[in-house]
Amino acid sequence: MNRSRVFEWFARLRDGREATDDDERCGRPRSSRTDENVERVQALVSSYRRMTIEMIAESLNMSVGSVFTIMTEDLKKKKLCARFVPHTLTTEQKEHRIASSEDLIAAADEDPNFLKTIVTGDESWCLEYDPETKRQSSEWTSPGKGRPMKVRASKSKTKTMLLVFFDSRGIIHHEFLRQGSTVTGAFYKDSAYTTCNLSPKSTDLQNDSK
């Protein structure tokens, strides 16, 4: 608020004015942002949530600016993109996960060392080479020198899957997937057997698995 506006409001409040709302002004009354139009926009968006501002304005014979103001200010809505997930779980799968989690919590409450007996594994693709990013290639330069240039390289098409088994103390065993092999339940079973017999922690692992 500028200085003259402050003096103006100070004079109004000194003269006994208590409300700070704007005075009524002459001119065209507001017609688009009425309660009726807000309800119309709300009903239309509720029926199809992927409608654009332009589609709503065309359907309700309103301006794009009025629809945007109603959506953002009156209805407090914002448009978000869907978050991609690997897959969705069924109700039965969700209930099974809840039951399994409850069993793990109960076992951990009964035995303080329960978490130390768990061995799990994971896999990840390893590329033959992975080019450095633009940020990784940054370097200090002297004044007057231009930006260093770098040829854009693509990621390697040759890749190998790395399998890692670990417990609460760290990595127990790791190996690269053999060419032509497929990660299945039987493969993991054989890998777990190899882990128990070849790992430096095989004794502890066998005792924990018992």
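Everything that follows concerns the structure shown earlier in this document.
A short tour of the structure in this document, coming up. None of the values given here were measured: they were computed from a predicted structure.

With respect to the packing of aromatic side chains
Under the definition given, this model contains zero aromatic pairs. Against the face of Trp 9 rests Arg 12, its NZ or CZ located 4.9 Å from the ring centre.

Remarks on the side chain of Asp 167
Position of Asp 167 relative to the elements: it lies in strand E2 (residues 159-167). The exposure class of Asp 167 is buried, given its relative accessible area of 11%. At 3.0 Å, the side chain of Asp 167 and the backbone nitrogen of Arg 169 are in polar contact.

Topic: the nonpolar core
Within the largest apolar cluster, 13 residues are counted, with the highest numbers of intra-cluster contacts made by Val 41, Ile 56 and Met 71. Residue contributions to this core peak at four residues, all from helix H2 (residues 35-47). In this structure Met 71 touches Val 41, Val 45, Ile 53, Ile 56, Lys 76 and Lys 77, once residues within four positions along its chain are discounted.

Observations regarding the side chain of His 173
As for its position among the elements, His 173 is in strand E3 (residues 170-176). What makes His 173 buried here is its relative accessible area of 13%. A distance of 3.3 Å separates polar atoms of two side chains, one belonging to His 173 and the other to Glu 175.

Parameters at a glance
Residues numbered from 1 in each chain as written. Predicted model: local features only at pLDDT ≥ 70, side-chain atom pairs only at ≥ 80, totals over all residues. Heavy atoms only, no water. Phe/Tyr/Trp six-rings, centres within 6.5 Å; stacked < 30°, edge-to-face > 60°. Lys NZ or Arg CZ within 6 Å of the ring centre and 35° of its normal. Helix = DSSP H or I, 4+ residues; strand = E, 2+ residues; numbered from the N terminus. Buried < 20%, exposed > 50% of the residue type's maximum accessible area, 1.4 Å probe, protein only. Polar contact = N/O pair within 3.5 Å; in protein donor to acceptor, adjacent residues only side chain to side chain. Core = buried A, V, L, I, M, F, W, Y, C linked by side-chain atoms within 4.5 Å. Contact = heavy atoms within 4.5 Å.

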